[in-house]
Amino acid sequence: MEQQTQNKNQSIPSSAPDSAGKTFAYVRVSSKTQNEARQLAALSEYGIEPDTIYIDRQSGKDFNRPAYLEMLDALQQGDLLVIGSIDRLGRNYEEIHEQWYRLTREKKVHIRVLDMDLLDTRASTDLTGTLIADIVLKLLSYVAQKEHESIHRRQAEGIAAAKARGVRLGKEEAALPDDFPEWFARWRRREITGKELTGYLGVHITTVYRRARKLGLPFAPEESQ
């Protein structure tokens with residue numbers, strides 16, 4: 001699980017709205033293959049300095065996120081947390097609400113959600129503003145959960161349909177030469193080394209074992225004749 005945690009002792013950027021405390025930002029992408037550039041660009045436009053941003057690159061299925069947890073420790077009452085969208089706090093209704101109220105009521109931190117202007121707790125100090133923010137939060141949390149469920153359902157349906165058509169899923173097996181059994185036998189007879197075997201085949205030794213097992217080739221060493 002990769003994480004990026006920067007220096008957090010910066011004052012609020014001048015381009016960001018005024019707040020009594022410091023400004024922090026949080027970015028999460030679901031895997032190492034996803035790019036956080038879009039979220040970082042939005043934060044930069046808002047005036048967030050790079051060294052005040054906490055980044056986690058892992059699944060949102062739980063909150064065992066090192067950068068997020070470290071950020072929670074650094075946040076103090078009156079600080080401002082900026083996130084690109086509400087689903088950065090969680091992947092379902094319960095998680096989003098739990099983290100929102102943990103931040104705003106327990107930590108007494110302000111939150112600004114960049115893609116929804118109504119979700120800015122600094123602007124919701126009166127009863128009407130708080131009510132509107134709560135309604136918007138509930139609605140967006142619900143939408144985030146339904147979208148997440150819909151994505152997983154479409155993925156499952158697509159996999160099932162592909163299997164029904166006979167499509168093989170997963171990584172393609174490495175192509176091995178027709179004389180693989182002969183080379184494997186030479187290795188078993190200790191006529192060649194494992195390095196020579198894998199060098200000729202152009203694959204890792206685990207691939208050699210897997211293919212030999214699939215072909216039913218014996219593994220026990222043979223003595224040279």
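Nothing here was measured: the structure is a model prediction, and the numbers come from that model. (Residues numbered from 1 in each chain as written. Predicted model: local features only at pLDDT ≥ 70, side-chain atom pairs only at ≥ 80, totals over all residues. Heavy atoms only, no water.)

1. Quick notes on the overall build of the protein
Thought 1: Of the regular secondary structure elements, the protein holds 7 helices and 5 strands.
Thought 2: Starting at the N terminus and walking to the C terminus, you meet the elements of the protein as β-β-α-β-α-β-α-β-α-α-α-α.
Thought 3: Sorting the 225 residues of the protein into buried and exposed places 40% on the buried side.
Thought 4: Considering only contacts in the protein between residues 6 or more positions apart, those separated by 24 or more positions represent 67%. (Helix = DSSP H or I, 4+ residues; strand = E, 2+ residues; numbered from the N terminus. Buried < 20%, exposed > 50% of the residue type's maximum accessible area, 1.4 Å probe, protein only. Contact = heavy atoms within 4.5 Å.)

2. Section: the side chain of Arg-65
Thought 1: By secondary structure assignment, the location of Arg-65 is in the loop between β3 (53–57) and α2 (66–74).
Thought 2: Glu-95 provides the closest opposite charge to the buried, unpaired Arg-65, separated from it by 5.1 Å. (Lys, Arg positive; Asp, Glu negative; His and termini not counted. Salt bridge = Lys/Arg side-chain N within 4 Å of Asp/Glu carboxyl O.)

3. Some details on the packing of helix α5 (residues 180–188) against helix α6 (residues 194–201)
Thought 1: Two elements in contact, α5 and α6, have axes whose closest approach is 9 Å; the angle formed by their N-to-C orientations is 165°. Overall, the two elements α5 and α6 adopt an arrangement that is roughly antiparallel. Handedness of the α5/α6 crossing: right-handed. Residues Phe-180, Trp-183, Phe-184 and Trp-187 of α5 pack against Gly-194, Glu-196, Leu-197, Tyr-200 and Leu-201 of α6.
Thought 2: Tallied by class, residues from the contact of α5 with α6 come to 7 nonpolar, 1 polar and 1 charged. (Axes fitted to C-alpha atoms, helices over the stretch in contact; angles between N-to-C directions. Parallel < 35°, antiparallel > 145°, perpendicular 65-115°, else oblique. Left-handed = near helix turned anticlockwise from the far one by under 90°. Nonpolar A, V, L, I, M, F, W, Y, C, P; charged D, E, K, R; others polar.)

4. Some words on the packing of aromatic side chains
Thought 1: For the coordinates displayed, the defined rule picks out 6 aromatic pairs.
Thought 2: Considering the side-chain rings of Phe-180 and Phe-184, the 5.8 Å spacing of their centres and the 35° angle between planes classify their relative orientation as tilted. Of this pair, Phe-180 and Phe-184 both sit in helix α5, 4 residues apart, which is roughly one turn of the helix. The pair Phe-180 / Phe-184 is uniform in exposure class, with both members buried.
Thought 3: A ring pair is formed by Trp-187 and Tyr-209, whose centres lie 6.0 Å apart and whose planes are at 55°; its orientation type is tilted. A residue pair is termed long-range when its members are at least 10 positions apart, and Trp-187 in helix α5 and Tyr-209 in helix α7 (residues 205–215) qualify at 22 residues.
Thought 4: In textbook terms, an aromatic cluster arises when at least three aromatic residues are bridged by ring pairs, as seen for Phe-180, Phe-184, Trp-187 and Tyr-209. (Phe/Tyr/Trp six-rings, centres within 6.5 Å; stacked < 30°, edge-to-face > 60°.)

5. Some details on the confidence of the model for the protein
Thought 1: In this model, the protein carries a mean pLDDT of 76, and residues with pLDDT of at least 70 account for 68%.
Thought 2: Confidence drops under a pLDDT of 50 for residues 1–18, and excluding neighbours within four residues, the segment shows 48 contacts in the predicted structure. (pLDDT = per-residue confidence, 0-100.)

6. Description of the packing of α5 against α7
Thought 1: With their axes 11 Å apart at the nearest point, α5 and α7 run at an angle of 110° to one another. As the angle between them shows, α5 and α7 are arranged roughly perpendicular. In this structure, α5 meets α7 at a crossing whose hand is left-handed. Facing Phe-180, Phe-184 and Trp-187 of α5, the residues of α7 in contact are Val-208, Tyr-209, Arg-211, Ala-212 and Leu-215.
Thought 2: A class-by-class count of the residues in the contact of α5 with α7 yields 7 nonpolar, no polar and 1 charged.

7. Here's the deal with α2
Thought 1: Buried within α2 are the following residues: Ala-67, Tyr-68, Met-71 and Leu-72. Taken around the axis of α2, the buried residues stretch over an arc of 140°, which confines them to a single face. (Arc of directions from axis to C-beta.)

8. Some words on helix α3 (residues 93–106)
Thought 1: Between its first and last C-alpha atoms α3 spans 19 Å; for 14 residues at 1.5 Å apiece the expected length is 20 Å, and the two agree.
Thought 2: Of the residues one or two after α3, Lys-108 is the one with positive phi, at around 60°. (Expected span 1.5 Å × (residues − 1).)

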